[in-house]
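Remarks on the overall topology
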Amino acid sequence: MKSIVFDNAGTILKRITVLNDVVHNKLIYETNTIGIANQKKSRIIVVLQESVNELSRHTGTLYNYLKDNMEYFEISYSQINILKSDVVDVLANDSTSFHDLFLATNTLIENYDVEIISGCALIVDMDNGMIEYVYTAGGVFFEDTRRVMNFINNSPLSIYIASGDNKESLSKIASILKIPKSNVYSTLNREGKYNLVNTLQRRGDYVYMVGNHTNDQLAIEAANTGILTLEQGENVPDILKDSADHIIYSIGDVISIIKKNRGD
């Protein structure tokens, strides 16, 4: 059997993000959230599992929300070992509010024509015990995304999505692209993506992994064929490029890689 695992944002979906830098009280547009997190080892990304509509019902501080709703958030990216309870503990004196988050949310919705609202997230500095950025992300499918998925759906390969994004947005994407929802894994960190690739290999699958940033590196390295896509146009470290068997600049090139591997 053969399987192909895709990251979501920056891989099948062109990501559009609006951040609110709550430390400096300014909005930042279409930036690289993983790149910002990588600037400090103590920074982590926390994804809120509720949809934008559900979150809009909340008021008060994000700390109180996290404390009272630990089942509704996950750590999607971290360079250090952190538990959710650790996040709540360090943010006890943080005053970042839902108002701060909705500034980013409303700006994204009002200024961009997005197909998918991926949801809301926080960048937390664990050393300083503070939320530095809050953001809302959305996106549009890359030009060749549907063509690639149609090609794979008509082949013997099984498609999986392994992403740090929340469950609701990924379920919508899976429905549009005709991917079984049982094959969708949400709010996965680097180790989670690696574990999925490893699990598929242990059952005997030949695995392709397609990702776009350092949160995909372990999975790209572990895959039988690791594919790094730079269609989003983000700067990535050389060590990530070196880990890939193929570097592409359009998701459409996945088709030619699959065809070459099977001898078409």
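Below is a short write-up of the structure. (Residues numbered from 1 in each chain as written. Predicted model: local features only at pLDDT ≥ 70, side-chain atom pairs only at ≥ 80, totals over all residues. Heavy atoms only, no water.)

**Considering the side chain of E50**
Of note, E50 is situated in the loop between β4 (43-48) and α2 (52-55). Among buried charged residues, E50 stands out as having no salt bridge; its nearest opposite-charge side chain is R57, 5.8 Å away. Sequence-distant contacts of E50, defined by excluding residues within four places in its chain, comprise L55, H58, Y65, Y72 and N166. (Helix = DSSP H or I, 4+ residues; strand = E, 2+ residues; numbered from the N terminus. Buried < 20%, exposed > 50% of the residue type's maximum accessible area, 1.4 Å probe, protein only. Lys, Arg positive; Asp, Glu negative; His and termini not counted. Salt bridge = Lys/Arg side-chain N within 4 Å of Asp/Glu carboxyl O. Contact = heavy atoms within 4.5 Å.)

**Side note on the packing of aromatic side chains**
Enumeration according to the criterion identifies three aromatic pairs in this entry. Ring geometry for Y65 versus F98: centroids 5.3 Å apart, planes at 90°, classification edge-to-face. Remark: F98 occurs in helix α5 (residues 98-111) and Y65 occurs in helix α3 (residues 62-68); sequence separation between them is 33 residues. Taking the relative accessible area as the measure of exposure, Y65 reaches 4% and is therefore buried. When its relative accessible area of 1% is taken as the criterion, F98 is described as buried. Ring pairs connect the aromatic residues Y65, F98 and F102, which therefore count as one cluster. Lying across the ring of Y206, K2 places its NZ or CZ 5.1 Å from the centre. Lying across the ring of F73, K84 places its NZ or CZ 5.2 Å from the centre. (Phe/Tyr/Trp six-rings, centres within 6.5 Å; stacked < 30°, edge-to-face > 60°. Lys NZ or Arg CZ within 6 Å of the ring centre and 35° of its normal.)

**Re the packing of helix α6 (residues 145-153) against helix α11 (residues 253-262)**
Running from N to C, α6 and α11 cross one another at 25°; their axes reach a closest spacing of 9 Å. In terms of their interaxial angle, α6 and α11 are classed as roughly parallel. Mapping the contact onto sequence places R147, V148, F151 and I152 in α6 and V254, I255, I258, K259 and R262 in α11. Across the contact of α6 with α11, the residue classes tally to six nonpolar, no polar and three charged. (Axes fitted to C-alpha atoms, helices over the stretch in contact; angles between N-to-C directions. Parallel < 35°, antiparallel > 145°, perpendicular 65-115°, else oblique. Nonpolar A, V, L, I, M, F, W, Y, C, P; charged D, E, K, R; others polar.)

**Examining unusual backbone geometry**
Both trends apply: most residues other than glycine have a negative phi, and most peptide bonds are in trans. Unusually for a residue other than glycine, K178 sits at a positive phi of about 60°. Topologically, K178 is positioned in the loop between α7 (167-177) and β9 (184-185). On the accessibility criterion, K178 (64% relative accessible area) is exposed.

**Considering the environment of E191**
Mapping E191 onto the fold places it in helix α8 (residues 190-202). Sequence-wise, E191 and N153 are 38 residues apart; in three dimensions their C-alpha atoms are separated by 27 Å.

**Let's talk about the sheet that holds strand β7 (residues 130-141)**
Spatially, six strands are ordered β3-β2-β7-β6-β4-β5 in an open sheet, and the strand pairing comes out antiparallel. Looking at the sheet topology across the chains shown, the edges are occupied by β3 (26-29) and β5 (73-78). Neighbour-to-neighbour, the strand axes of the sheet open up by a mean angle of 25°, direction not taken into account. By the bridge criterion, nine bridges tie strand β2 (residues 13-21) to β7 in an arrangement that is antiparallel. (Pairing = 2+ DSSP bridges.)

Note that all results are geometric; they support no functional claim without further evidence.
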